[in-house]
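Okay, here's what each chain looks like letter by letter:
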Amino acid sequence: MTEPPDAPSRRTDALTSGARSLLSSSVPVRRLLAWASFDWGAASFQAVITSFVFATYLADAVATEDGAVWITVTNALTAVVVALGAAVVGQRADRLGQRRRTLLVLTIGVWICMALMSLVRPEPGYLPLGLVLLGLAGIFSEIGNASYYAMLQQVSTPRNVGAVSGFGWAMGYVGGIVLLLVGYFGFIAPEVGWFGVTGEDGMDVRAVVLVSTLWFVVFGLPLFLAVPESTPDHTLPRLGLVGSYRVLVRDLVQLWRVDRNAVRFLLASALYRDGLAVIFSIGAVLAVSVYGLSAGDVLIFGVAANVVAAVGALVGGLVEDRVGPRLVILVSVAALCVVGLVLLVVSGPTMFWVFGLALTLWVGPAQASSRALLTRLAPPGHEGQIFGLYTSTGRAVSFLAPSLFALFATIGSERTGILGIVLVLLAGGAVMLTVRNPRRPAEAADPAAPPAVTSS
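Not measured: the values here are computed from a predicted model. (Residues numbered from 1 in each chain as written. Predicted model: local features only at pLDDT ≥ 70, side-chain atom pairs only at ≥ 80, totals over all residues. Heavy atoms only, no water.)

Caption draft 1: Structural detail: the overall build of the chain. Looking only at helices and strands, the chain has 16 helices and zero strands in total. When burial is assessed residue by residue, the chain has 54% of its 456 residues classed as buried. Here the contacts in the chain between residues at least 6 apart in sequence split such that 85% fall between residues at least 24 apart. Working note: accessible area of the chain is about 19700 Å², and carbon and sulfur atoms make up 69% of it. (Helix = DSSP H or I, 4+ residues; strand = E, 2+ residues; numbered from the N terminus. Buried < 20%, exposed > 50% of the residue type's maximum accessible area, 1.4 Å probe, protein only. Contact = heavy atoms within 4.5 Å. Areas by Shrake-Rupley, 256 points an atom, 1.4 Å probe, with all protein chains shown as cover.)

Caption draft 2: Quick peek at the pattern of salt bridges. One pass over the full model with this rule turns up four salt bridges. Among the ionic pairs, D39 bridges to R371, the shortest N-O distance being 3.5 Å. Taken together, the positions of D39 in helix α2 (residues 29–52) and R371 in helix α13 (residues 348–377) put the pair 332 residues apart, joining distant regions of the chain. Residue classification places D39 among the buried residues on the basis of a relative accessible area of 13%. For D201, the salt bridge is made with R206, and the minimal N-O distance between the two is 3.2 Å. Residues joined in a network through salt bridges with shared partners are R121, E123, D201 and R206. (Salt bridge = Lys/Arg side-chain N within 4 Å of Asp/Glu carboxyl O.)

Caption draft 3: How the structure looks around the environment of P128. With respect to the element layout, P128 can be found in helix α6 (residues 127–150). Take P128: its relative accessible area is 49%, and that puts it in the partly exposed class. When the C-alpha positions of P128 and A63 are compared, they lie 9.5 Å apart, and in sequence the two are 65 residues distant.

None of the figures reported here should be taken as evidence of function without further support.
Structure, rendered in structure tokens:
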């Protein structure tokens, strides 16, 4: 079936219109850039601490044996705390009008933990300290994300929320790329790096951790200076911890009764986001063990993958404001499944470069459009709580894709483990088919100040 002659022109018009909506928003550009700058800065934690540098250093250089096991246990404990706490923290931030303050406190906790990680030397006695800092920083970061994602409503309008979300996600990818290149070529690759740093006593990695901390501080601070605080509801009583959980349960019951579409999306996104997380967590391992990439090529691939994912997130966000987030998510998940099945049968570094990059192209749009869709679904004044549930549900099923990968890898090989990831993505896509696009509300007069909570 051939497409109409004017189809390419319509696609170009959609991108151009999306770009204009991003730049001409009634939200001040300074505020939007400050919000996106936080994504750029926070990439230091994801790229350096949890993915490519510090966690690997803990497992290989600090631990004498079973380092990967200890990190897995730490991540599992972190997941439990986040699943239990994210929604309540987000709810309390909404009720008290302390979204920005909550994010600041939690982010300072991440900064302190990151700075202290530079004290971890390559000796087994430092493993407990490294694991505790890694776990605490992960808890602070993930729970803080609920408030950060909720701020999307304060820096966008109903007309451009997709473009703004995609722009922020792309900034995060690019920020991680730049920092990884700085760390690798400035400290890790040379025998003597900047400021005379060498690999002795793990100083190259420890220096990169310090640089990453400073990076996060510098690029994270603008948000707290430029984005205003959310609006409290003074008609609601202050609640203790137990009372907050009671309200959370009541709100969940109410959400199920009045908006099952939102509940279905939380379930769908929890499933396919689990698949996305595993793609990034084991991608480097598979690249070496299955497809034959060298260790140096893996880093180069990681940079290229982040570039492709950033482009996908940005373009997907621009298109989404025209076609709706549901279609972007469904197309992205379907493409991920198809590419994953292709990776089951191809071999060699060249094929991995081609289809591995094709895989990452669709990760960015799925993530950015999920954030934008939930912003549209969130009841006014409850954005923090909804994004807390988004974080909690994701963590609640975070065992699924790794378990299925391990199961299929045990039955066959590491290559067949990919099938387990594809099944989780398919399950998420199947549930996503039952989710409707949220109706776009009228343009807000002042998106800087979110509406007060109308019901508890």
